[in-house]
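Each chain, written out:
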Amino acid sequence: MSKAIDIAVTYANLIILSTFLYHTIHQLRQVRRIYASYAEVDLFHTGPLFAFSTLTARTAVALIIANYAMLAGFVAVSPILASNPISVAITLITTVMAVVVFSWPLLDLHNRMKAEKQQMLDKNASEMKISFNETRRRIEMGEFHDMADMAPLKDMVDTLIAERTVLEKLPTWPWQAATARGFGTALLLPILLWLMQRILERLLNF
């Protein structure tokens, strides 16, 4: 009887979790389509681009918390239930889905940011090539009589080099480092605590 109740509780939680996942993914899919298609990509003004990652991170963390709250309820009812294969499978699926919920809606926007950065780098390289060709032409024509004559072109090249250095450091992932760290902590900390608990149990029972 007890085993039947455990199985019923497990499947009930699985159904609830599946419903939550479906609703969440459907909602984020719509937001992803709108955000990726119509958001203006400005790599020097990333605030609006980073804002969406806060939403996906919170949704993913809520999913993680719901899963671990479910496991805590299992432990309170029956410690054996929390370690059965179905419960473990639910936890693994939830962990994978949390990663998907956080990152998947941002992939199109990442591709647009990456394309924008590449376009800016290509333009910089084209301007650099023009500057080099102009410098070479003037040297061959004997237009430079001293270093002062070369100063304007040298300043232009230095500016383009500095510009490229800045462009190469621009982010192409639409989230702040703090957001990614917070999500990673929420994802991994309970797992690490569970592993530590299992290790301590083995050591104490040794």
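See the structure above.
1. Points about the pattern of salt bridges
Under the counting rule described, the total for this entry stands at 4 salt bridges. The partner of arginine 164 in a salt bridge is glutamate 168, with the nearest N and O atoms 3.5 Å apart. Of the two residues, arginine 164 and glutamate 168 are both situated in helix 6 (residues 147–169); the distance of 4 residues between them amounts to about one turn of the helix. By relative accessible area, which is 27% here, arginine 164 ends up partly exposed. A single network of salt bridges, built from pairs that share partners, joins Glu134, Arg137 and Arg138.

2. Let's talk about a nonpolar patch on the surface
A contiguous nonpolar surface patch, about 270 Å² in accessible area, is contributed by Leu188, Leu192 and Leu195. With respect to the helices, strands and loops of the structure, leucine 195 is situated in helix 7 (residues 177–204).

3. Section: the nonpolar core
With 14 residues, the main nonpolar core has Ala60, Ala98, Phe102 and Phe183 as its most contacted residues. Secondary-structure elements contributing two or more residues to this core are helix 2 (47–77), helix 4 (85–103) and helix 7. Counting residues per element, this core draws most heavily on helix 2, which supplies 5 residues. Every residue in contact with alanine 98, bar those within four places of it in the chain, is listed here: Ala60, Leu63, Ile64, Phe183 and Leu187. Leu43, Met113, Leu121 and Leu167 belong to the second-largest nonpolar core, a separate cluster that totals 8 residues.

4. Structural notes on helix 5 (residues 107–140)
The first and last C-alpha atoms of helix 5 sit 49 Å apart over 34 residues, in line with the 50 Å expected at 1.5 Å per residue. Considered for burial, the residues of helix 5 that qualify are Leu109, His110, Met113, Lys117, Leu121, Asn124, Met128, Ser131 and Thr135. Once helix 5 finishes, glycine 142 follows within two positions and takes phi at roughly 70°, a positive value.

5. Considerations on the side chain of threonine 95
Mapping threonine 95 onto the fold places it in helix 4. Judged by its relative accessible area of 18%, threonine 95 is buried.

Cut-offs applied
Residues numbered from 1 in each chain as written. Predicted model: local features only at pLDDT ≥ 70, side-chain atom pairs only at ≥ 80, totals over all residues. Heavy atoms only, no water. Salt bridge = Lys/Arg side-chain N within 4 Å of Asp/Glu carboxyl O. Helix = DSSP H or I, 4+ residues; strand = E, 2+ residues; numbered from the N terminus. Buried < 20%, exposed > 50% of the residue type's maximum accessible area, 1.4 Å probe, protein only. Patch = residues over 30% accessible without salt bridge, like charges linked within 9 Å, V, L, I, M, F, W, Y side chains within 5 Å. Areas by Shrake-Rupley, 256 points an atom, 1.4 Å probe, with all protein chains shown as cover. Core = buried A, V, L, I, M, F, W, Y, C linked by side-chain atoms within 4.5 Å. Contact = heavy atoms within 4.5 Å. Expected span 1.5 Å × (residues − 1).

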